[in-house]
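Spelled out, the chains give:
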Amino acid sequence: MDVKNVLKGLMSRKKSLEKVDVDELRREKIALEQQEVKFHRQIEQLERQKSEVFTKGTQEASDRAQLILARKIKDLDAQARNLDMNCSFINRQLRILNGFVQLKENQNLINNYGLSSVITKMDLSKLQTYIERATVDRQFSMDRFAEILGRLEESEGLVGDTEEDQDIREIVGAMRAAREAETGDPESVVERGMQTVDEILHREKEAGEI
């Protein structure tokens, strides 16, 4: 699912922050926040479906049926990951929009920092980069913005591939382990099993973050 690139749209129409209307920024921000909420709800629904499919897998005696269900879990997880990436993209745009809004609304503060003339002349794409660098714990910091203005760095992350066949086999193994578990609490068995499934599906991502 494609996500609207609000920042790209702004930059294609207007080259500087001075030419951007603050009400336009607020409208775009509200639209993105609504889309983010929608994606979060869809992710929650996919996670529930994963749990339901896993439960069904624990009740299957057929190896073939368990393999099919394990693939279904992986497909649902891929959909949830895609939505999660969309949420990350939206969140990034929201942080930058928040920075734009603060710069538009705090002209006096900008003047006090002596940044007014610099910001007025700067194109939006470069300004966006500095705002990202000046965002700490998802909050735009004017102090940090003033400090790092003049330095430009960008970095891109790469997502590695996964070993699908091994993942599928291990998910099936988790189903069988849950089926054979000796406990009187089926919900607890499924919950532990889904924790194992999520560890299998997300271990490479977590390893890359270390």
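Bear in mind that the values here come from a model prediction, so they are computed numbers and not experimental data.

Counting secondary structure elements, the protein contains 9 helices and 2 strands. With 210 residues in all, the protein has 36% of them scored as buried. If you sum the accessible surface of the protein, you get close to 13,200 Å²; carbon and sulfur atoms cover 45% of it.

Let us now look at helix α1 (residues 6-13). Three or more residues of α1 are buried, namely V6, L7, G9, L10 and M11. Buried residues along α1 sit in contact with α2 (22-58), α3 (63-105) and α6 (124-133).

Counting 51 residues, the largest nonpolar core has F54, F100, L103, L127 and F145 as the members making the most contacts within it. For this core, the elements supplying multiple residues, two or more each, are α1, α2, α3, α6, α7 (142-148), α8 (164-180) and α9 (186-209). Element by element, the count of residues in this core is highest for α3, at 14 residues. Those residues in contact with F54, other than ones at most four positions away along the chain, are I73, I171, A174, M175, A178, V190, G193, M194 and V197.

So, about the packing of α1 against α6. One way to put it is that α1 packs onto α6 with a least axis distance of 10 Å and a crossing angle of 145°. Only L124, S125 and Q128 of α6 make contact with α1, whose side of the interface consists of L7, L10 and M11. Taken together, the residues of the contact of α1 with α6 break down into 4 nonpolar, 2 polar and no charged.

In this section: the pattern of salt bridges. All told, the structure shown has 9 salt bridges when counted by the stated rule. The residue D63 makes a salt bridge to R176 at a minimum N-O spacing of 2.8 Å. In this pair, D63 is assigned in helix α3 and R176 in helix α8, connecting sequence segments 113 residues apart. Among the salt bridges present, the one from R92 reaches E132, with a minimum N-O distance of 2.7 Å. Of this pair, R92 sits in helix α3 while E132 sits in helix α6, placing them 40 residues apart in sequence. What makes R92 partly exposed here is its relative accessible area of 27%. Through salt bridges with shared partners, one network takes in E47, K50, D77, R81 and D198.

The next point concerns the packing of α1 against α2. At a closest axis distance of 11 Å, the pairing of α1 and α2 adopts a crossing angle of 155°. Regarding the angle of α1 to α2, the classification is roughly antiparallel. By crossing handedness, the relation of α1 to α2 is classed as right-handed. Along the contact surface, α1 presents V6, L10 and R13, while α2 presents E24, L25, E28 and L32. A per-class count over the contact of α1 with α2 returns 4 nonpolar, no polar and 3 charged.

Our next topic: the confidence of the model for the protein. Averaged over all residues, the pLDDT of the protein is 79; the fraction at 70 or higher stands at 80%. Under a pLDDT of 50 for its full length, residues 150-163 has, in the predicted model, 15 contacts with residues more than four places off or in other chains.

What follows concerns α2. If you check α2, its first and last C-alpha atoms are 55 Å apart, about what 37 residues at 1.5 Å a residue would give, namely 54 Å. The N-cap of α2, judged by a side-chain oxygen 3.1 Å from the amide nitrogen of D23 a few residues on, is D21.

Right, let's talk about the environment of K19 for a bit. Mapping K19 onto the fold places it in the loop between α1 and α2. Separated by 101 residues in the primary sequence, K19 and T120 have C-alpha atoms spaced 9.2 Å apart.

Let's shift gears to the environment of E60. Along the chain, the position of E60 falls in the loop between α2 and α3. As for E60 and R179, which are separated by 119 residues in sequence, their C-alpha atoms are 8.5 Å apart. Aside from chain neighbours lying at most four places away, what touches E60 is A65, Q66, L69 and R179.

Turning our eyes to something else, we now look at the environment of A178. Within the element layout of this structure, A178 appears in helix α8. Residues A178 and Q59 lie 119 residues apart in sequence; the distance between their C-alpha atoms is 9.1 Å. Setting aside anything within four residues of it in sequence, one finds A178 in contact with F54, T58 and V189.

Rules used in this analysis
- Residues numbered from 1 in each chain as written.
- Predicted model: local features only at pLDDT ≥ 70, side-chain atom pairs only at ≥ 80, totals over all residues.
- Heavy atoms only, no water.
- Helix = DSSP H or I, 4+ residues; strand = E, 2+ residues; numbered from the N terminus.
- Buried < 20%, exposed > 50% of the residue type's maximum accessible area, 1.4 Å probe, protein only.
- Areas by Shrake-Rupley, 256 points an atom, 1.4 Å probe, with all protein chains shown as cover.
- Contact = heavy atoms within 4.5 Å.
- Core = buried A, V, L, I, M, F, W, Y, C linked by side-chain atoms within 4.5 Å.
- Axes fitted to C-alpha atoms, helices over the stretch in contact; angles between N-to-C directions.
- Nonpolar A, V, L, I, M, F, W, Y, C, P; charged D, E, K, R; others polar.
- Salt bridge = Lys/Arg side-chain N within 4 Å of Asp/Glu carboxyl O.
- Parallel < 35°, antiparallel > 145°, perpendicular 65-115°, else oblique.
- Left-handed = near helix turned anticlockwise from the far one by under 90°.
- pLDDT = per-residue confidence, 0-100.
- Expected span 1.5 Å × (residues − 1).
- Polar contact = N/O pair within 3.5 Å; in protein donor to acceptor, adjacent residues only side chain to side chain.

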